[in-house]
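Read off the chains here:
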Amino acid sequence: MPTPLWCLVLVTFLPYLLAFTGSYFKMRQFGSIDNKNPRQQAAKLEGIGARAAAAQANAWEALAMFTVAVGVLHLANPEAARSGTAASLAVAFLAARVAHAAFYLANIDVARSLVFFVQVVCAVWLIALA
């Protein structure tokens, strides 16, 4: 399987990892997880817990962007999808997503915005390869 598809698989798991992280902070802040109204409870989170919930939401949005980029590349130009350039861009996207989550949790906003920009450039470049 080409590297961009492997990276897509890994990017798919990031929102779930952040959901588990958010659950930890829900337990820490509230003492339990409200499974009947999880979004209302998440909206009440403060500090790092709130940032974990926001990072999870952003990870879902980034997943959509990356899915489209990898899908367009593989459908329009399967040969380019197997290129070193595509592999490098996909790995860079994945690294940017992991860094984005880490910077979000650590409350380092400028670095978070920079890696978000890197991620967007990678996705657009993957589409351009198509």
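Located above this text is the structure these notes cover.
Residues numbered from 1 in each chain as written. Predicted model: local features only at pLDDT ≥ 70, side-chain atom pairs only at ≥ 80, totals over all residues. Heavy atoms only, no water.

## Some details on the packing of helix α3 (residues 48-76) against helix α5 (residues 84-106)
Geometrically, a packed helix pair is captured by the angle between its two axes and the distance between the axes. What counts is decided by this rule: With axes taken as lines fitted to C-alpha atoms, and helix axes fitted only over the stretch in contact, angles between N-to-C directions fall between 0 and 180 degrees. Runs of H or I in DSSP of at least four residues are treated as helices and runs of E of at least two as strands, each being numbered from the N terminus. In this scheme, roughly parallel covers angles under 35 degrees and roughly antiparallel covers those over 145, while 65 to 115 is roughly perpendicular and the rest are oblique. Note on contacts: a residue pair is in contact if any heavy atoms of the two residues lie within 4.5 Å. Residues are sorted three ways: Asp, Glu, Lys and Arg are charged, Ala, Val, Leu, Ile, Met, Phe, Trp, Tyr, Cys and Pro are nonpolar, and all the rest, Gly among them, are polar.
As a packed pair, α3 and α5 sit with axes 8 Å apart at the nearest point and diverge in direction by 170°. The pairing of α3 with α5 is recorded here as roughly antiparallel in orientation. Judged by residue contacts, I48, R51, A52, A54, A55, N58, A59, A62, M65, F66 and L73 of α3 engage A86, A90, F93, R97, H100, Y104 and L105 from α5. When the residues that make up the contact of α3 with α5 are grouped by side-chain class, the tally is 14 nonpolar, 2 polar and 2 charged.

## Here's the deal with the packing of aromatic side chains
Stated formally: Stacked, tilted and edge-to-face are the three classes assigned to paired rings of Phe, Tyr and Trp, where Trp is represented by its six-membered ring and a pair needs centres within 6.5 Å; plane angles under 30 degrees give stacked, over 60 edge-to-face, the rest tilted. Throughout this description, buried means an accessible area under 20% of the type-specific maximum (1.4 Å probe, protein chains only), exposed means over 50%, and partly exposed covers the range between. Distance and angle both matter: a charge sits over a ring if NZ of Lys or CZ of Arg is within 6 Å of the ring centre and within 35 degrees of the ring normal.
Summed over all chains, the structure comprises 3 aromatic pairs. Relative to W60, the ring of Y16 has its centre 5.1 Å away and its plane inclined at 80°; by these criteria the two rings are edge-to-face. Residue Y16 is located in helix α1 (residues 3-30), and its partner W60 is located in helix α3; the two are separated by 44 residues in the primary sequence. Judged by relative accessible area, Y16 falls into the partly exposed class, the value being 42%. Overall, W60 belongs to the partly exposed group, its relative accessible area being 34%. Judged by centre distance (4.9 Å) and plane angle (75°), the rings of Y24 and F25 are edge-to-face. Assessed through its relative accessible area of 10%, F25 is described here as buried. Directly above the aromatic system of Y104 lies the positively charged group of R112, at a separation of 4.1 Å from the ring centroid.

## Some remarks on unusual backbone geometry
Within the chain, N107 stands out as a residue other than glycine whose phi angle is a positive 65°. Looking at the element boundaries, N107 is found in the loop between α5 and α6 (109-129).

## Examining the nonpolar core
We apply this condition: Take the buried residues of types Ala, Val, Leu, Ile, Met, Phe, Trp, Tyr and Cys, join any two whose side-chain atoms come within 4.5 Å, and each joined set is a nonpolar core.
By size, the foremost hydrophobic cluster in this structure holds 20 residues, and its most contacted members are V11, F66, L73, F93 and L126. If one sorts the elements of this core by residue count, α3 sits on top with 6 residues. Dropping the residues within four chain positions of it, F66 is found in contact with P4, C7, L8, V11, A90, F93 and L126. L18, A59, A101 and Y104 belong to the second-largest nonpolar core, a separate cluster that totals 5 residues.

## Digging into the side chain of H74
Assignment of secondary structure puts H74 in helix α3. When neighbours within four sequence positions are excluded, H74 is seen to be in contact with P2, P4, L5 and A81.

## Topic: the environment of R97
Within the fold, R97 resides in helix α5. The class of R97 is buried, set by a relative accessible area of 2%. Each C-alpha atom, one on R97 and one on L129, is 21 Å from the other, the two residues being 32 residues apart in sequence. In contact with R97, other than residues within four places in its own chain, are L14, N58, A59, A62, F116 and Q119.

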